[in-house]
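What follows is the residue order along each chain.
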Amino acid sequence: RKEVEQDPGPFNVPEGATVAFNCTYSNSASQSFFWYRQDCRKEPKLLMSVYSSGNEDGRFTAQLNRASQYISLLIRDSKLSDSATYLCAVLNDYKLSFGAGTTVTVRA
Amino acid sequence: EAGVVQSPRYKIIEKKQPVAFWCNPISGHNTLYWYRQNLGQGPELLIRYENEEAVDDSQLPKDRFSAERLKGVDSTLKIQPAELGDSAVYLCASSPSNPTDGYTFGSGTRLTVV
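Throughout what follows, the structure given in this document is the object of discussion. (Residues numbered from 1 in each chain as written. Chains lettered and ligands numbered in written order. Predicted model: local features only at pLDDT ≥ 70, side-chain atom pairs only at ≥ 80, totals over all residues. Heavy atoms only, no water.)

### Remarks on the environment of B:V55
Relative to the helices and strands, B:V55 is located in strand 6 (residues 53–56). With 24 residues separating them in the primary sequence, B:V55 and B:T31 have C-alpha atoms 9.8 Å apart. (Helix = DSSP H or I, 4+ residues; strand = E, 2+ residues; numbered from the N terminus.)

Rendered as structure tokens:
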């Protein structure tokens, strides 16, 4: 079983829609959680950390469910510029493990 | 603040040839990572350095891959000889010793082995 698993999508949504997707992790002792955004042929860039109580950053909301070992990302009022691959990342003993990414395409 | 700098940006080589990638981390970041990302996959850790010490190289294919970080700052990753399956993007990242805010990645080196 992979350490981090994501629904690969793709999620094709119209502008203004809400899209949400999850990521599961296998190590219950995982310490920290992140969402990275990766544009085509670019490096991953940190989108946001995920905190136990959940957190928002503008139109983005991240949630952590330790009991079920998953994290989620919700994007409200989608913009064309949100089109990207979103990588879930989990930190264990200073090592960051990534999922394969969820592709989101926002259409006009 | 300069980010993580990698070079070259692209590299095309024939199989069995050697290749080397270079990385300069963010100033003050003690920890440096080399990741490999295959098409359609997430990055996978090859090696992690704390200053000049390789503290986790368990995923580095040691028969053909080597890495060094001699002065605890910049680093090189080498493949010799390269195989077709080594075609991927090689990403360098850095962080403070306790990476509670995640890592910062460089722009990567896209390697194509033909």
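Next, the rest of the story.
### Side note on the nonpolar core
A general trend in soluble globular proteins is that nonpolar side chains are found buried together. Residues A:F21, A:W35, A:I71 and A:Y86 are the most contacted members of the largest nonpolar core, which totals 23 residues. Looking at this core, the elements with two or more residues in it are strand 3 (19–25), strand 4 (32–38), strand 5 (45–50), strand 7 (60–65), strand 8 (70–75), strand 9 (84–92) and strand 11 (102–107) of chain A. Of all hydrophobic cores here, the second largest spans 21 residues; its members include B:F21, B:F65, B:L111 and B:V113. (Core = buried A, V, L, I, M, F, W, Y, C linked by side-chain atoms within 4.5 Å. Buried < 20%, exposed > 50% of the residue type's maximum accessible area, 1.4 Å probe, protein only.)

### As for the interface of chain B and chain A
At the interface, 24 residues of chain B touch 17 residues of chain A. Together chain B and chain A conceal approximately 1,700 Å² of surface at their shared face, both sides included; 51% is due to carbon and sulfur atoms. Taken together, chain B and chain A are joined by six residue pairs in polar contact (both at pLDDT 80 or more). Secondary-structure elements contributing two or more residues to the side of chain B that touches chain A are strand 4 (31–37) and strand 5 (44–50) of chain B. Among the elements that line the side of chain B that touches chain A, the one with the most residues is strand 4 of chain B, at three residues. Residues belonging to the side of chain B that touches chain A are distributed by class as follows: nine nonpolar, ten polar and five charged. (Contact = heavy atoms within 4.5 Å. Buried area = accessible area lost by both parts, 1.4 Å probe. Polar contact = N/O pair within 3.5 Å; in protein donor to acceptor, adjacent residues only side chain to side chain. Nonpolar A, V, L, I, M, F, W, Y, C, P; charged D, E, K, R; others polar.)

### Concerning the sheet that holds strand 8 (residues 75–79) of chain B
Residue and element names in this part refer to chain B. If you trace the four strands from one edge of the open sheet to the other, you get 1-3-8-7, paired in antiparallel fashion. Only two strands of the sheet have a single partner each, and these edge strands are strand 1 (5–7) and strand 7 (65–68). The mean angle between the axes of side-by-side strands here comes to 15°, regardless of whether they run parallel or antiparallel. Pairing of strand 1 with strand 3 (residues 19–24), which is carried by three bridges, proceeds in the antiparallel orientation. The residue of strand 3 that forms the bridge with Q6 is C23. (Pairing = 2+ DSSP bridges. Axes fitted to C-alpha atoms, helices over the stretch in contact; angles between N-to-C directions.)

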